[in-house]
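# Tertiary structure, described
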Amino acid sequence: MLPITHEIVRDALANYHNIKALAESPLIKTKLTSQSLWMPYETASATNLGIAIQALLDWGLDKLIEKNTKTALISYETLDKRYRHNLSVSVYAQQYDLYEQTIQKRRLAGTHRLASIFNAEENNSQSLEQRQQYTIASHYRLLNPVKQALLNYLSLLEDSDSYDQVLNLFPELDNKQIQEVRNLHLIQLHSNNLLSISDQVQHVVTQQIPRQKQISLHQKIARQFIKRQHSVEAATHFLKANAQQKAANIILSLTNNDIDNALLQVGQLIQRIDSKKVDSEAWARLKFMSGNIAKHSNDMSNSLAEYEKALSTRDTLQKARTYFEISKIYRHKTDYTAALMHMSMGKALLEHQNSTDKDYQKLLVYILLDEALIHSSDLLDFEEAHRLLNIAEKTIAKLPSNMARNELLIILCELERRWGSYENGLENYDETIERYTRARLYALEANDLIQIIITTYTLAIVSS
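Residues numbered from 1 in each chain as written. Predicted model: local features only at pLDDT ≥ 70, side-chain atom pairs only at ≥ 80, totals over all residues. Heavy atoms only, no water.

## Here we look at the pattern of salt bridges
The test is simple: Any carboxyl oxygen of Asp or Glu within 4 Å of a side-chain nitrogen of Lys or Arg constitutes a salt bridge here. A simple rule labels every residue: compare its accessible area, found with a 1.4 Å probe on the protein chains alone, to the largest value its type can have, and call it buried under 20%, exposed over 50%, or partly exposed in between. Where helices and strands are cited, they refer to DSSP runs of H or I of at least four residues and of E of at least two residues respectively, numbered from the N terminus.
Under the definition given, this model contains 12 salt bridges. The shortest N-O distance in the salt bridge between Arg10 and Asp11 comes to 3.6 Å. Its relative accessible area of 39% is what places Asp11 among the partly exposed residues. For the salt bridge of Glu325 with Lys295, the shortest nitrogen-to-oxygen distance reads 2.4 Å. Residue Glu325 is located in helix H20 (residues 316-332), and its partner Lys295 is located in helix H18 (residues 280-296); the two are separated by 30 residues in the primary sequence. Shared partners join several salt bridges into a network, and the residues in it are Lys287, Glu306 and Lys309.

## Structural notes on the side chain of Gln148
We apply this condition: In the analysis that follows, any N or O atom pair within 3.5 Å is treated as a polar contact, provided that within protein one partner can donate a hydrogen and the other can accept it, and provided that, for residues neighboring in sequence, both atoms belong to side chains. Here a residue-residue contact requires only that any non-hydrogen atoms of the pair lie within 4.5 Å.
Following the sequence through the fold, Gln148 ends up in helix H9 (residues 145-157). Within the structure, Gln148 has its side chain in polar contact with the backbone oxygen of Tyr140 (distance 2.8 Å). Contacts of Gln148, omitting those with residues within four sequence positions, involve Tyr140, Arg141 and Leu143.

## Re the environment of Asn249
Following the sequence through the fold, Asn249 ends up in helix H15 (residues 244-252). Residues Asn249 and Ala282 lie 33 residues apart in sequence; the distance between their C-alpha atoms is 7.5 Å.

## Some remarks on unusual backbone geometry
Positive phi outside glycine occurs at Glu158, with the angle close to 55°. Assignment of secondary structure puts Glu158 in the loop between H9 and strand S1 (161-162). Positive phi, normally seen in glycine, also occurs at Asn193, with a value near 65°. Following the sequence through the fold, Asn193 ends up in the loop between strand S2 (188-189) and strand S3 (194-196).

If you want it as structure tokens, here you go:
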């Protein structure tokens, strides 16, 4: 392997802006060029080869700058990139002067150092991916605005999209232009007619898009997803555009089916929302939703923490519902005192409101039923359980269509069964039979086959 001399580097720099001349540089014969191509060498045109060498020069020049050498060479692309990152006019002028000295005059010490960098890299490639990224960036900058727009879209989409959908979104784009971008290996067309972009191309292209333009594109993509009724994806892109209130509104409008199909993703989206960038009620409802998701994943500690944040709501019904969910977690932890305390706080809110609204009454019933379960199943306080169930039954009678009636009957059945088992242990057989008989009647009224079988079998055993 012949070393890359400073003369070869000097001549390449002399032709830096002449892609056709670069394609005839001796650097073509090095493996650095073939590695940097980002496409099969056999299909590379002279233009592709020239671009790869120019990108290689950019990479090497940036390496010199990183080392802060006094003989640094600087490429125009590097200069332009730095200027776009808010260099002051005076600093830009100094940098441009350095560019004029190096690219145009090709200072001898600088070309020797650059040749050394190339030789070291060829003998022991350490920056292959980085060099390929320079080539991708060069190809991107040479594309027309329509092709760039396609790459911008796919890179920010971070997913594939159908060929037909892309043509609809970019009416000025035709099959020929898409094929030209494919020929550069910047996008792929799959057998299912989906267009996609690789992670490496996506990374490079995203770096080329100014932040304000990224925000605008993410909002455009979000609106496209709304039209397609892909709510989770729409919320994702509104978040990337920092339109947090819009993202929050979409997340809060998700159906249970939407959430179940993207449970982890929805949970992660909620965690990315800043409380200072959405209204306080939306924030509280998001925290409630996040608590539900954590509980579904059996992460009780995180669920409790999210529910406690959700208590910031000013909505009475929502706050009572949150207290109820917190009580369930404490019951799961067998902390019955804390569970009953939070149930009491939820009940107090509902009773203080004294609302006849069916949602208030229904929540009150469910709190009473769960309280009764704790007293009967966990504390064996059957008298208190019975008292609570009587209140629940009276409340159910006020609800339309006897909502929650079956739930009450099943819990009454459970209560009587447990009470009967307790009396049986005390050898109070008449009381035992009475309790099991009531349990069977409740099971029959609820038409619960399993409870009917259990209570009938148990009654037959204790009666024999």
